[in-house]
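Next come the chains, spelled out residue by residue.
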Amino acid sequence: MKRFFTIIILISTAIIAVNAQSNLYKIDDRLYDMYKEAEANVHNAEGLRLSKKMFDEAVKNGDKKAQCIALAVQVKHYGIDAKNKSLFDKTVENMKQLAKVFGYTQYYYFALRMDILHDIAQNRMFQALRKAETMHKEAISDNNSYGIYYSLKNLGNIYSHRRNNKLALESFKKAFDYHVANLPDQDLGDITRPYTECLIKEKYYSEAENICTRTIKETKSDDSKLLAMFDRAKIYFLQKDKRKFDKEYSNITARQNKLTLAKNYTGKANELEAYRNLLEGNTDEALKYAERISRPDVKLNMLLEISKQRNDWKQAYKYHTRLNRFNDSTFYTIHDNDIAEINAQMGYDKLQNEKMKVEMQNAMFEQQRLQQKILAEKEHAEKQKIMLENAELEAQKMKANISMHESEKVMHQMFNEQQIMKFEADKNRTRTKVLLSGVAIMILIVFIIYLLNRKRLREKTLKVLQAKNNELVIARNEAETANNMKTKFIQNMSHEIRTPLNSIVGFSQLLLQQEMELSDKEKAKFGVIINNNTELLMTLINDILKISELESNNYQLTFAKHKCNEMMAMAVNTVIHRKPENVKLYSTSEVDDDYEFVTDAKRLDQVFINMLTNAEKYTEQGEIRLHCSTTENPGKLTFSVTDTGVGIPPEEAETIFDRFKKLDDFKQGVGLGLNICRLIAEKLSGEIFVDTAYTQGARFVLVLPTDIQPTAMPAN
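Residues numbered from 1 in each chain as written. Predicted model: local features only at pLDDT ≥ 70, side-chain atom pairs only at ≥ 80, totals over all residues. Heavy atoms only, no water.

Peer 1: So what exactly am I meant to see when it comes to the packing of helix H11 (residues 222-238) against helix H13 (residues 266-279) here?
Peer 2: Each pair of packed helices can be summarised by the angle the axes make with each other and by the distance between the axes. Relative to each other, H11 and H13 sit at 25°, their axes nearing to 10 Å. Considering their axes alone, H11 and H13 lie roughly parallel with respect to each other. In the crossing of H11 with H13, the sense of the turn from one axis to the other is left-handed. Along the contact surface, H11 presents Leu227, Phe230, Asp231, Ala233, Lys234 and Phe237, while H13 presents Lys268, Ala269, Glu271, Leu272, Tyr275, Leu278 and Leu279. A per-class count over the contact of H11 with H13 returns 9 nonpolar, no polar and 4 charged. (Axes fitted to C-alpha atoms, helices over the stretch in contact; angles between N-to-C directions. Helix = DSSP H or I, 4+ residues; strand = E, 2+ residues; numbered from the N terminus. Parallel < 35°, antiparallel > 145°, perpendicular 65-115°, else oblique. Left-handed = near helix turned anticlockwise from the far one by under 90°. Contact = heavy atoms within 4.5 Å. Nonpolar A, V, L, I, M, F, W, Y, C, P; charged D, E, K, R; others polar.)

Structure follows, in structure tokens:
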């Protein structure tokens with residue numbers, strides 16, 4: 001995933017007044033030299049130290065643009081190392097803030113782009129998708145060409161990783177068209193590579209060829225031209241057009257010889273040579289180049305194509321299975337991360353909804369308080385009105401008792417007081433109306449916000465439900481696949497059981513037919529065949545019964561003391577008659593014959609027999625050794641079965657213990673023996689695994705504790 005951090009920094013053309021500016025970025029030449037050295041060492045601590053020094057010097061000189069460039073180097077350094085996520089997030093946030101404040105929006109969108117690429121590299125696709133959509137909206141609002149282009153490209157990368165090739169193609173096409181229309185001075189190859197790869201996946205070969213041809217004509221970068229030629233050669237190979245492929249191969253070879261950077265295209269060159277040899281029918285040479293390809297998915301696709309051309313369908317099936325497993329592992333990792341992020345987001349939305357409810361309750365409490373205050377002021381106004389009426393009555397009384405002059409004087413005074421009281425009453429009523437209007441407006445605003453939040457939450461819920469519906473469709477397809485696997489298993493079991501039964505019935509009928517004159521040697525030979533097939537049939541049935549017994553809740557282990565070497569010799573004697581003629585079967589031990597340890601002898605004997613039987617199946621010559629060691633894992637007993645057979649690929653060392661897993665479908669058995677061994681080993685508090693360091697065949701290792709007490713105890 002580190003290829004996402006091969007970043008091309010686009011620098012704006014704004015000029016900053018500094019001492020010397022004879023470089024590409026129009027910053028101080030001394031700072032520019034420091035930047036080049038830091039960029040060259042961006043993968044190590046020296047690059048980080050130089051970028052921090054450059055930032056400090058830029059702050060002293062007041063060079064805002066150089067500060068942004070120094071932070072860009074730090075963002076790339078922390079982004080390469082996934083362990084420094086906290087430092088990466090902090091540096092990205094600092095760069096976004098500085099770029100906004102200084103007016104360098106291009107560096108702001110550079111920081112957003114790096115943040116999204118970091119999420120993609122960590123398979124946090126849901127989070128990356130939300131950030132890319134937000135970046136696209138901001139860039140359109142700011143009319144920033146850099147942000148619009150890279151947000152579209154990031155959306156294409158995210159949809160491609162999520163296997164939504166339809167949306168990926170839409171995003172890549174928009175990014176390509178926008179690049180051509182608005183970024184003519186930049187390298188067109190930046191968008192051509194992912195766009196072409198997506199078109200090839202969907203088998204749009206003609207459109208992919210046109211994109212490559214246009215890039216070769218228009219781009220000024222020799223590297224981009226060469227990569228576009230590689231992609232065009234791949235298209236001709238997939239179309240089986242040998243004439244066009246040979247012509248493109250010659251052009252690539254000539255251009256590689258001229259470029260000094262041709263060593264950077266070793267992987268592409270190996271892929272190209274493999275294509276050429278496949279078209280010429282030389283699968284052996286194609287295989288040599290395919291083995292040198294570093295990308296696992298490309299390598300497996302190439303090996304699958306070689307096996308098909310050889311008509312080696314068994315090997316092709318293995319490569320097809322490994323390719324699906326590789327693709328599914330990445331997809332399921334993205335799927336699990338998406339579910340975790342969706343659950344976290346739903347939890348956050350729930351908290352926001354609860355917060356909104358609390359704010360609504362607080363608003364209602366405030367409304368009630370204001371209403372009580374209004375009622376109090378209303379009562380106060382009524383009281384003033386009563387006082388005014390009392391004052392008028394008092395004035396009338398005084399008018400009857402005093403002279404006309406004094407009465408007029410008093411009446412004038414009373415009139416003034418009455419006007420003042422009316423003014424106060426009107427003022428209180430106005431204040432009450434304003435308060436009521438403010439409360440109503442505030443409640444209306446809160447209610448509108450609540451409705452908008454509910455709408456946004458509903459839209460998110462619908463998106464989540466749609467995603468869950470897609471997951472259910474995938475689950476249904478997986479269930480159908482599992483049902484097909486079950487049918488295949490039943491067919492396989494029917495075949496495995498029918499074969500020994502046919503042998504037993506057939507040779508038994510031969511022995512019972514009196515008209516056939518059989519010698520004693522022939523009768524003995526037929527008896528051996530009947531006995532061997534009876535044992536094989538019993539082994540198949542016993543394996544199935546043991547699986548059921550081991551997984552039942554009533555299964556118990558009986559621990560007692562047993563002699564180690566005696567148990568090993570007994571297991572060897574049990575299976576020695578099954579070994580091939582040219583194979584030596586024996587046991588060795590680092591302990592004395594009287595050494596005893598506590599275990600369940602019956603279950604451990606089953607493990608020994610299964611491991612030895614498995615070794616006999618895949619060993620045609622050489623030796624098979626059962627060994628006991630106390631020094632390989634001090635404090636524990638280590639049993640191992642080592643053979644000189646075909647061996648086990650390291651990538652199959654763990655899956656070989658899966659139920660019904662067989663490396664060779666043509667060998668007898670249904671793939672239950674090693675699975676039973678692992679189940680028993682776990683119940684004995686031990687472990688069993690394949691020693692991948694051993695390369696002369698296969699070596700199975702069983703490690704058991706020596707501190708178990710001799711008591712009967714339930715295994716569950």
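Peer 1: Explain a negative patch on the surface here, please?
Peer 2: Residues Asp592, Asp593, Asp594 and Glu596 make up a contiguous surface patch of negative charge. For Asp594, the position within the fold is in the loop between strand S3 (583-589) and strand S4 (596-599). (Patch = residues over 30% accessible without salt bridge, like charges linked within 9 Å, V, L, I, M, F, W, Y side chains within 5 Å. Areas by Shrake-Rupley, 256 points an atom, 1.4 Å probe, with all protein chains shown as cover. Salt bridge = Lys/Arg side-chain N within 4 Å of Asp/Glu carboxyl O. Lys, Arg positive; Asp, Glu negative; His and termini not counted. Charge placed at Lys NZ, Arg CZ, Asp CG, Glu CD.)

Peer 1: What should I look at first to understand the pattern of salt bridges in this one?
Peer 2: Pairing between side chains of opposite charge can happen when the charged atoms of each approach one another. Tallied over the full model, the rule gives 29 salt bridges. In this structure, Asp115 and Lys131 form a salt bridge, with 3.1 Å as the shortest nitrogen-oxygen distance. With Asp115 in helix H5 (residues 105-121) and Lys131 in helix H6 (residues 125-142), this pair connects stretches of sequence that are 16 residues apart. When its relative accessible area of 25% is taken as the criterion, Lys131 is described as partly exposed. Between Glu285 and Lys288 there is a salt bridge, with the nearest N and O atoms lying 3.2 Å from each other. Within this pair, Glu285 and its partner Lys288 are both found in helix H14 (residues 283-291), separated by 3 residues, close to a single helical turn. For Lys288, a relative accessible area of 47% gives the class partly exposed. When salt bridges with common partners are traced through the structure, they connect Asp115, Asp119, Arg124 and Lys131 into a single cluster. (Buried < 20%, exposed > 50% of the residue type's maximum accessible area, 1.4 Å probe, protein only.)

Peer 1: What should I look at first to understand the environment of Glu590 in this one?
Peer 2: With respect to the helices and strands, the residue Glu590 is situated in the loop between S3 and S4. Glu590 sits in the partly exposed class, given a relative accessible area of 38%. In sequence terms Glu590 and Thr630 are 40 residues apart; their C-alpha atoms lie 6.8 Å from each other. A polar contact is formed between the side chain of Glu590 and the side chain of Ser629, at a distance of 3.3 Å. A polar side-chain atom of Glu590 sits 3.2 Å from a polar atom in the side chain of Thr631. (Polar contact = N/O pair within 3.5 Å; in protein donor to acceptor, adjacent residues only side chain to side chain.)

Peer 1: Quick question: what am I supposed to make of helix H4 (residues 85-102) here?
Peer 2: Three- or four-residue spacings in an α-helix give side chains the same orientation, since the helix completes a turn every 3.6 residues. Over its 18 residues, H4 extends 25 Å from the first C-alpha to the last, a length consistent with the 26 Å expected when each residue adds 1.5 Å. Taken as a whole, H4 has its buried residues at Phe88, Thr91, Val92, Met95, Lys96 and Ala99. The buried side chains of H4 occupy one side of the element, clustering within an arc of 140° when seen end-on. Facing away from the buried surface of H4 by more than 90 degrees, the exposed residues are Ser86, Lys90 and Val101. For H4, the elements touching its buried residues are helix H3 (64-80) and H5. (Expected span 1.5 Å × (residues − 1). Arc of directions from axis to C-beta.)

Peer 1: Looking at this structure, how should I read the sheet that holds strand S8 (residues 699-705)?
Peer 2: Pairing between sheet strands relies on hydrogen bonds along the backbone, with the strands arranged either parallel or antiparallel. Strand order in the open sheet formed by 5 strands is S3-S5-S6-S8-S7, and the pairing between neighbours is mixed. The sheet is open, and its two edges are formed by S3 and strand S7 (687-690), each paired on a single side. Taken pair by pair, the neighbouring strands of this sheet meet at an average axis angle of 10°, ignoring direction. Judged from the 6 bridges that link them, strand S5 (residues 622-629) and strand S6 (residues 636-643) form a sheet pairing that is antiparallel. Each bridged residue has a counterpart across the sheet, and for Ser629 the counterpart in S6 is Thr638. (Pairing = 2+ DSSP bridges.)

Peer 1: I keep staring at the environment of Thr283 and nothing clicks. Help me out?
Peer 2: Locating Thr283 in the fold gives a position in helix H14. The spacing of Thr283 and Gln309 is 26 residues in sequence and 7.6 Å in space, taken between C-alpha atoms. Beyond its immediate sequence surroundings of up to four residues, Thr283 is in contact with Leu278, Ile306, Gln309 and Arg310. In terms of polar contacts, Thr283 uses its side chain to reach the side chain of Arg310, at 3.1 Å.

Peer 1: How should the packing of helix H10 (residues 205-218) against H11 be read in this particular structure?
Peer 2: For the pair H10 and H11, the least separation of the axes is 9 Å and the interaxial angle reads 155°. Comparing their axes, H11 and H10 come out roughly antiparallel. In the packing of H10 onto H11, the handedness of the crossing is left-handed. Side by side, H10 and H11 meet where Tyr205, Ala208, Glu209, Cys212, Thr213, Thr215 and Ile216 of the first sit next to Lys225, Ala228, Met229, Asp231, Arg232, Ile235, Tyr236 and Leu238 of the second.

Peer 1: Got a minute to help me understand the packing of aromatic side chains in this structure?
Peer 2: Two aromatic rings, taken as a pair, are described by how far apart their centres are and by the angle between their planes. The tally for this structure, following the rule as stated, stands at 11 aromatic pairs. For the ring pair Tyr146 and Tyr150, a centre distance of 4.8 Å and an interplane angle of 50° mean the geometry is tilted. Placement of the pair is Tyr146 and Tyr150 together in helix H7 (residues 145-161), with a separation of 4 residues, close to one helical turn. Exposure class is identical for Tyr146 and Tyr150. Each is buried. Their ring planes at 50° and their centres at 5.7 Å tell us that Phe176 and Tyr195 sit as a pair that is tilted. Separated by 19 residues along the polypeptide, Phe176 in helix H8 (residues 165-182) and Tyr195 in helix H9 (residues 189-201) bring together distant segments of the chain. Like Phe176, the residue Tyr195 is buried in the burial classification. Taken together through their ring pairs, the aromatic side chains of Tyr146, Tyr149 and Tyr150 make up a single cluster. Between Arg292 and the ring centre of Tyr289, over which it is positioned, the NZ or CZ distance is 4.9 Å. (Phe/Tyr/Trp six-rings, centres within 6.5 Å; stacked < 30°, edge-to-face > 60°. Lys NZ or Arg CZ within 6 Å of the ring centre and 35° of its normal.)

Peer 1: It is not clear to me how empty space enclosed by the protein should be interpreted in this structure. Could you clarify?
Peer 2: Any empty space left between atoms is shown by rolling a water-sized probe over those atoms. Under the defined criterion, the tally for this structure stands at 1 cavity of 30 Å³ or more. Considered as a void within the structure, the largest cavity measures approximately 50 Å³ in volume. Within the residue set of the lining of the largest cavity, elements represented by two or more residues are H11 and H13. Tallying contributions element by element places H13 first for the lining of the largest cavity, with 4 residues. Looking at the lining of the largest cavity residue by residue, the classes come out as 3 nonpolar, no polar and 4 charged. (1 Å grid on protein atoms, 1.4 Å probe; cavity = no way out; pocket = protein on both sides within 12 Å on 5 of 7 lines; lining within 4 Å. Points joined across faces, edges and corners; volume = space filled by probe spheres on them.)

Peer 1: Teacher, can you tell me more about the nonpolar core here?
Peer 2: Nonpolar side chains in soluble globular proteins tend to end up buried together. Counting residues in hydrophobic clusters, the biggest one holds 99 residues, and the most contacted among them are Ile27, Met54, Met95, Ile158, Phe245 and Met302. Beyond its immediate chain neighbours, meaning those up to four positions away, Ile158 contacts Ile116, Ile120, Met125, Ala128, Leu129 and Ala132. (Core = buried A, V, L, I, M, F, W, Y, C linked by side-chain atoms within 4.5 Å.)

Peer 1: Looking at this structure, how should I read H6?
Peer 2: With 18 residues, H6 ought to run about 26 Å at 1.5 Å a step, and its terminal C-alpha atoms sit 25 Å apart, in line with that. Listing the buried residues of H6 in full gives Met125, Phe126, Ala128, Leu129, Ala132, Met135, His136 and Ala139. Asn143 lies just past H6 and shows a positive phi near 55°.

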